[in-house]
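# Notes for the structure review
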Amino acid sequence: MSGRLLRLVCTAAVAAGTVLAPLPATAAPEPGTGERPVSELLTDLQRLYRQAEKATETYDATEEKLTRQRAEVERLDTELTRTRIALKDSRGAAGRLAREQYQNSTALSPYVRLLLARDPQQALDESHVIGQLAQERAKTVGRLTGTEKKADDLARRARKALDAQLTLVARQKKNRDDVQKRLRDVEELLVSLTPQQIAQVDELEKSGVDTAQRALVTSGALGAEREPSRAGDRALRYAVQQLGKPYRWGAAGPESYDCSGLTSQAWGHAGTPVPRTSQEQWARLPRVPLDRLRPGDLVVYFPEATHVAMYLGAGKVIQAPRTGEQVKVSPIASYPVLGAVRPDGDQAPATEAR
């Protein structure tokens, strides 16, 4: 991306805090205090935050399935209503045919009437009309039978879809309770720390991020700087506009976001819809090596793919980190990197597309 946009992003991110990162090997307890080592406190805090985010992504996945299921229930209900109206019309037509057949019934067959008729041609014409009426009656009965079967099938599918929706509602509540429990665990740990311990944990965390970032950058794993595609540039600009907005689990804008809520909304606004959760983004989007990263690509973290950020360029990402923080610019090595994906695949960079 352009240096001007990068400077704009960095200026907007001045107020951003730090994020969790791998621990440096030199962390040690405060001598003579009898308190838990700072490195141990940070490890516990990282573990709790990671569990909370994993629970959040599970909640998001259930919420996405529930949204789709509600739409399916509504679609089936609408189709069932139309089919029941058609069934009522078909039954009415079948009833009229039955009454007509009863009123026009005769003991003589069309063949006998033809033999006894004074005008055989007229009888043949009448027989032709009778044949047409019989065909229409057969079609009406066929439509009635087919509509009845369709209505029964739709009713079964609608009941099954509603049962699935109720199951997802119960699962969503369970997922929500799990997230809230994980966040309470984080809160309890933070409340138990003294201001000095919090400052030490923060400093150790920042040191771990710096160490991991230097190692990644100096290894050459990131490769040369590249230009974003047009869609990637639009997605990135959307993400930049969200800087400073609060993280909230389960949120996908416009006032707050969780990690995958930010990336999915950014790419959705760029005209390239992506899955809602980080795990689905990792599973379903085209992979891209780190040395071919370009702005707008999504960087996925942890072995379970439970966190995601958007690559900004120059070894930085835009992310919605965790509860209590805001959308901000962070080093790409803020968390253990699993890999990267490119929502628009092989689309050419904007400069080449022009």
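## Brief notes about the overall build of the protein
For the protein, the count of helices and strands is nine helices and six strands. Here the protein, with 354 residues, has 42% of them falling under the buried criterion. Partitioning the contacts of the protein with sequence separation of at least 6, the portion at a separation of at least 24 is 74%. Accessible area of the protein: about 19,300 Å², with a carbon and sulfur share of 53%.

## Observations concerning the nonpolar core
Counting 32 residues, the largest nonpolar core has Trp267, Leu298, Met310, Ile318 and Val327 as the members making the most contacts within it. Examining the composition of this core, we find that six residues originate from one element, helix α6 (residues 230–241), more than from any other. Filtering out sequence-adjacent residues up to four positions away, leucine 298 remains in contact with Thr263, Trp267, Gln281, Leu285, Val308, Ala309, Met310, Gly339, Ala340, Val341 and Pro343. Among the nonpolar cores identified, the runner-up in size contains 15 residues, and Val288, Ile332, Tyr335 and Ala340 belong to it.

## Some thoughts on unusual backbone geometry
Trans is the common state for peptide bonds, and a negative phi is the common state for residues other than glycine. Residues glycine 253 and proline 254 are joined by a peptide bond in cis, for which omega reads 0°. The residue proline 254 is located in the loop between α6 and α7 (259–269) in this model. Even without glycine at this site, alanine 305 takes up a positive phi of about 60°. Examined against the element boundaries, alanine 305 turns out to sit in the loop between β2 (298–301) and β3 (307–313). The backbone phi angle of alanine 314 is positive, close to 55°, even though this residue is not glycine. Within the secondary structure, alanine 314 is located in the loop between β3 and β4 (316–319). Judged by its relative accessible area of 43%, alanine 314 is partly exposed.

## Comments concerning the sheet that holds β2
The antiparallel open sheet is built from six strands, whose spatial order is β1-β6-β2-β3-β4-β5. The sheet is open, and its two edges are formed by β1 (287–288) and β5 (328–331), each paired on a single side. Lying over the sheet, α7 contacts β2, β3 and β4, oriented at roughly 50° with respect to β3.

## As for the confidence of the model for the protein
The share of residues in the protein with pLDDT of 70 or more is 73%, and the mean pLDDT across the chain is 81. Of the regions scoring below 50 in pLDDT, residues 1–34 engages in 74 contacts with residues more than four places distant in sequence or in other chains.

## Some points on the side chain of asparagine 175
Tracing the chain through its elements places asparagine 175 in helix α4 (residues 120–192). Ignoring anything within four residues of it in the chain, the contact list for asparagine 175 reads Thr58, Tyr59 and Thr62.

## Remarks on the pattern of salt bridges
In the structure shown here, the tally under the stated rule is 24 salt bridges. In this structure, aspartate 177 and lysine 173 form a salt bridge, with 3.3 Å as the shortest nitrogen-oxygen distance. Of this pair, aspartate 177 and lysine 173 both sit in helix α4, four residues apart, roughly one helical turn. With a relative accessible area of 46%, lysine 173 lands in the partly exposed category. Among the salt bridges present, the one from lysine 181 reaches aspartate 185, with a minimum N-O distance of 3.3 Å. Here lysine 181 and its partner aspartate 185 are both found in helix α4, four residues apart, which amounts to about one turn of the helix. One salt-bridge network, held together by shared partners, links Arg36, Glu40, Asp44 and Arg47.

## A short note on the pairing of β2
Going residue by residue along β2, you find Leu298 and Val300 tucked away on one face and Val299 and Tyr301 tucked away on the opposite face as well. Bridging between β2 and β3 involves four bridges; their strand directions are antiparallel. Among the inter-strand pairings, valine 300 is bridged to a residue of β3, identified as valine 308. In this structure, the hairpin formed by β2 and β3 is closed by a connection of five residues, where phenylalanine 302 is found at a positive phi of approximately 70°. Pairing of β2 with strand β6 (residues 337–341), which is carried by four bridges, proceeds in the antiparallel orientation. By the bridge assignment, tyrosine 301 is partnered in β6 with valine 337.

Calculation criteria
- Within every chain, residues take consecutive numbers counted from 1 along the sequence as written.
- Reporting in this predicted model follows two pLDDT cut-offs: at least 70 for local features of residues, and 80 or more for side-chain atom pairs to be given and counted; totals over whole chains, interfaces and linings ignore these cut-offs and use all residues.
- To obtain the side-chain values, all non-hydrogen atoms of the structure were used and water was disregarded.
- Numbering of helices and strands runs from the N terminus, with a helix taken as a DSSP run of H or I at least four residues long and a strand as a DSSP run of E at least two residues long.
- Residue burial is assigned from relative accessible area. The probe radius is 1.4 Å, only protein chains are included, and a residue is buried under 20% of its type maximum, exposed over 50%, and partly exposed in between.
- Working rule for contacts: check all heavy atoms of both residues, and any pair within 4.5 Å makes them a contact.
- Methods summary: accessible areas were calculated by the Shrake-Rupley approach with a probe of 1.4 Å, and residue burial reflects only the protein chains presented.
- Residue types Ala, Val, Leu, Ile, Met, Phe, Trp, Tyr and Cys, when buried and joined through side-chain atoms within 4.5 Å, form a set referred to as a nonpolar core.
- Here a strand pair is declared whenever DSSP counts at least two bridges between the two strands.
- Geometry is summarised by axes, namely lines fitted to C-alpha atoms with helices restricted to the contacting stretch, and by angles between N-to-C directions that run from 0 to 180 degrees.
- Per-residue confidence from the predictor is reported as pLDDT, which spans 0 to 100.
- For this analysis, a salt bridge means a side-chain nitrogen from Lys or Arg found within 4 Å of a carboxyl oxygen belonging to Asp or Glu.

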